[in-house]
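Here are the chains, one letter per residue:
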Amino acid sequence: MFSDVVDELIGLSDAELVARIEANELERRRHDAEMSAALAVAKGRGVHAVDGHRSMAAFCRARLNWSNTEAARRLGLARAVDDIEGLGDAWFDGHLGSPQAVMLSMANANRRVADRLNEFAPRLLEHAEQMPYPDFATVVDHFVSRADEDGSHDDRDAAIAGRRARAVDAGGTLDLRASGGDGLVSAEIVAILERFTQIEYQHDLEARRLEHGELADGFQLARIDRRRQFDALIAIFRAAAKAGDVGTVAEPLVNVVIDAATWGRMLHAAGLSSSTDLDGRPIDPFTGLANTEADRLVGDLTGFDSRMCETTSGTSLHPHDVLRAALAGHVRRVVADSERVVIDLGRRQRLFTGSARQAAMLLIKRCEHAGCELPANWCQVDHHDEWARDHGRTDQNNSDVLCGSNNTHKHEHRWRIRRALNGSSYTVREDGTIILPVGARPPDFADDDAPGDPDGFDEDAPDFVARQVISARSRVAGIRRPRAA
């Protein structure tokens, strides 16, 4: 009985309960992968016709009592398992979960993209295993936009053409809705709302402190987050009404990060850079290569997972929107090199401040601790290798972006952040165990971080794989970041 299961779970220790949750997740992944394979086989045999169903969707509604949405999702996964080499194995073996499989099935549903999926499936499946889901979704979006540039452009144009907004009184309450526009507009509006919401949050903190003094932390804030967001939205409108000249351009709220190769291709496409060498021979304006070789590289997708054309909050942008914003001067543009490094300040200062702090946070979207979703601009920048103990440098390569709580926890428990060859940062406990997602295999580390290194970790330490949790976010997909000297 279910009540017996509940009683059993209540009696488990914390470690046993975590192990039970992870075991259930791995078992669910096996069952989901098997169900997808079964549906693919059933569709191939046409078993839906046995009872007169016109489609597998009708079969799923009749025999499994699924909704239309669930039937479409499951059948899409069945097609993906059948089409994408290695997906079924990785899923069945527990190396990735349903959210990652669904993301790949959505890419597979785009016929203009599906033909290229198998070519890059090994890299995508590796990212699915090692990256937190939001970062993996960004990588897949980059792949789709590169493989189907015309389709991505059409979607963007449709969103811009279909933009709409309304604010009406609905029975004495405000009904405010807006949709459409490009990614840059979306990122800007979200950034403005976050800034004003943070102001409301600070107001609540101050009000609580004034009312309760030193005991303030033990009391709830006056408003929950969604109410602060509503009040922040009202504050935005009122601030705009008081601003006077609505055409005044304020300090940029959005940082756009774009890699050098994408920036060069964008300038070339817009005709804003030279297309010939000193002898008048046609060349690629960014690479300096002959046009025939450059054309081959432009169509090459091998670097899709190292390309960046997005805001620092993770909103993907079309290069045309970046160019428009750059020409208008409404954004602060950051062109990163092939290793995604913005600046290097060396060991000249103790704390991450000013441009060093900005550079450390430009490529980080949120707190780097496992599962934490606090935005990076609410976080602290700390040293990857300790400044005092390990003579760590104050530069982008030696930075960790953590919220105050997780930064304190890291120091109190003597945890270390180690960067693997896949570009991801991982938290290593004091006993040498790595915090990993359930089902994820331990990554490869550089020699100085290898097992047996005094400052590294021990693969043979107890509970190395059993206590897998969630990995820290990936800094660079598939690219080794050099360690600071």
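Residues numbered from 1 in each chain as written. Predicted model: local features only at pLDDT ≥ 70, side-chain atom pairs only at ≥ 80, totals over all residues. Heavy atoms only, no water.

Undergrad: Residue-level account of the overall build of the protein, with values.
TA: A tally of regular secondary structure across the protein gives 17 helices and 9 strands. Counting over 485 residues, the protein shows a buried share of 41%. Sequence-distant contacts, at least 24 apart, represent 65% of the contacts inside the protein between residues at least 6 apart. Counting every atom, the protein has about 26400 Å² of accessible surface; 53% of that belongs to carbon and sulfur. (Helix = DSSP H or I, 4+ residues; strand = E, 2+ residues; numbered from the N terminus. Buried < 20%, exposed > 50% of the residue type's maximum accessible area, 1.4 Å probe, protein only. Contact = heavy atoms within 4.5 Å. Areas by Shrake-Rupley, 256 points an atom, 1.4 Å probe, with all protein chains shown as cover.)

Undergrad: Which residues make up the pattern of salt bridges, and what values do they have?
TA: According to the stated counting rule, one finds 21 salt bridges in the structure shown. One salt bridge in this structure joins R29 and E25, with 2.8 Å as the shortest N-O distance. Residue R29 and its partner E25 are located together in helix 2 (residues 14-45), separated by 4 residues, close to a single helical turn. As far as the burial class goes, R29 and E25 line up, both buried. Each of the salt bridges in this network shares a partner with another, and the network as a whole consists of E25, R28, R29, D32, E70, R73 and R74. (Salt bridge = Lys/Arg side-chain N within 4 Å of Asp/Glu carboxyl O.)

Undergrad: Could you give an account of helix 10 (residues 183-212), naming the residues involved and the relevant values?
TA: Relative to the 44 Å expected for 30 residues at 1.5 Å per residue, helix 10 spans 43 Å between its end C-alpha atoms, a close match to the ideal helical length. Looking one or two residues past helix 10, G213 carries a phi angle of roughly 65 degrees, positive in sign. (Expected span 1.5 Å × (residues − 1).)

Undergrad: I'd like a rundown of the environment of D157, residues and numbers included.
TA: Relative to the helices and strands, D157 is located in helix 9 (residues 149-161). Along the sequence, D157 and D182 sit 25 residues apart, while their C-alpha atoms lie 8.1 Å from each other.

Undergrad: Which residues make up the pairing of strand 3 (residues 255-259), and what values go with them?
TA: Judged by how many residues are buried, strand 3 sits mostly within the fold: 5 of 5 residues are covered. Side chains N255, V257 and D259 project from strand 3 onto one buried face, and the interleaved V256 and I258 project onto a second face that is buried too. The sheet contact formed by strand 3 and strand 4 (residues 309-311) spans 3 bridges and is antiparallel. Its bridge partner being in strand 4, V257 is matched across the sheet by E310. (Pairing = 2+ DSSP bridges.)

Undergrad: For the confidence of the model for the protein, give the residues involved together with the corresponding values.
TA: For the protein, the average pLDDT comes to 75, and 67% of its residues sit at 70 or higher. Confidence drops under a pLDDT of 50 for residues 292-299, and excluding neighbours within four residues, the segment shows 6 contacts in the predicted structure. Taken together, the stretch residues 450-485 has pLDDT below 50 and engages in 120 contacts with residues farther than four places along the chain or on a different chain. (pLDDT = per-residue confidence, 0-100.)

Undergrad: Any chance you could break down the pairing of strand 1 (residues 164-170) for me, citing the residues and the numbers?
TA: Consecutive residues of a regular strand have side chains that alternate between opposite faces of the sheet. Sparse coverage of strand 1 is indicated by the burial of 0 of its 7 residues. As judged from the 7 bridges shared by strand 1 and strand 2 (residues 173-179), these two strands associate in the antiparallel manner. Directly across from A167, in strand 2, lies its bridge partner L176. Linking strand 1 to strand 2, which pair antiparallel, is a turn of 2 residues; within it G171 sits at a positive phi near 65 degrees.

Undergrad: Which residues make up the nonpolar core, and what values do they have?
TA: Counting 28 residues, the largest nonpolar core has L87, L96, L104 and V140 as the members making the most contacts within it. At the level of elements, helix 4 (68-83), helix 5 (87-92), helix 6 (98-108), helix 7 (111-130) and helix 8 (133-147) are the ones that each hand at least two residues to this core. When residues in this core are grouped by element, the largest group, 7 residues, is from helix 7. Excluding residues within four positions of it along the chain, L96 makes contact with R29, L87, A90, W91, A101, L125 and A128. (Core = buried A, V, L, I, M, F, W, Y, C linked by side-chain atoms within 4.5 Å.)

Undergrad: Talk me through a nonpolar patch on the surface; I want residue IDs and the actual numbers.
TA: A contiguous nonpolar surface patch, about 380 Å² in accessible area, is contributed by L174, L176, F230 and F237. Looking at the nonpolar patch, the elements that each hand over two or more residues are strand 2 and helix 11 (225-242). Among the structural elements, L174 can be located in strand 2. Judged by relative accessible area, which is 42%, L174 ranks as partly exposed. (Patch = residues over 30% accessible without salt bridge, like charges linked within 9 Å, V, L, I, M, F, W, Y side chains within 5 Å.)

Undergrad: Tell me about the side chain of D175, residues and numbers included.
TA: Following the sequence through the fold, D175 ends up in strand 2. Side chain to side chain, D175 and R166 meet in a polar contact 3.0 Å long. Those residues in contact with D175 that lie beyond four places of it in its chain are R166, A167, V168 and A170. (Polar contact = N/O pair within 3.5 Å; in protein donor to acceptor, adjacent residues only side chain to side chain.)

Undergrad: Residues and numbers for helix 8, please.
TA: Between its first and last C-alpha atoms helix 8 spans 21 Å; for 15 residues at 1.5 Å apiece the expected length is 21 Å, and the two agree. Where helix 8 is concerned, the buried positions are D135, F136, A137, T138, V139, V140, H142, F143, V144 and R146.

Undergrad: Mind laying out unusual backbone geometry, listing which residues take part and the relevant values?
TA: One can expect most non-glycine residues to show negative phi and most peptide bonds to be in trans. The phi angle at N65 is positive, at roughly 60 degrees, despite the residue not being glycine. When you line up the elements, N65 lands in the loop between helix 3 (56-63) and helix 4. Residues other than glycine seldom take positive phi values, yet R414 does so here, at roughly 55 degrees. Within the fold, R414 resides in the loop between helix 17 (404-412) and strand 8 (416-419).

Undergrad: Describe the packing of helix 10 against helix 11, with residues and values.
TA: The angle between the axes and the distance between the axes are what describe a pair of packed helices. As a packed pair, helix 10 and helix 11 sit with axes 8 Å apart at the nearest point and diverge in direction by 115 degrees. The angle between helix 10 and helix 11 falls in the class roughly perpendicular. Relative to helix 11, the crossing made by helix 10 is right-handed. Along the contact surface, helix 10 presents I192, L193, F196, T197, E200, Y201 and D204, while helix 11 presents D225, R228, Q229, D231, A232, L233, A235, I236 and A239. (Axes fitted to C-alpha atoms, helices over the stretch in contact; angles between N-to-C directions. Parallel < 35°, antiparallel > 145°, perpendicular 65-115°, else oblique. Left-handed = near helix turned anticlockwise from the far one by under 90°.)

Undergrad: Summarise the side chain of D182; cite the residues concerned and give the values.
TA: Here D182 lies in the loop between strand 2 and helix 10. By relative accessible area, D182 is classed as buried at 8%. There is a polar contact of 2.9 Å between the side chain of D182 and the backbone nitrogen of V185. Dropping the residues within four chain positions of it, D182 is found in contact with I160, D321 and R324.

Undergrad: How would you summarise the state of the cysteines if you had to cite specific residues and measurements?
TA: Here the structure, examined in full by the defined rule, presents 0 disulfides. With no disulfide of its own, C372 has C367 as its nearest cysteine by sulfur position, at a separation of 3.7 Å. (Disulfide = S-S within 2.5 Å.)

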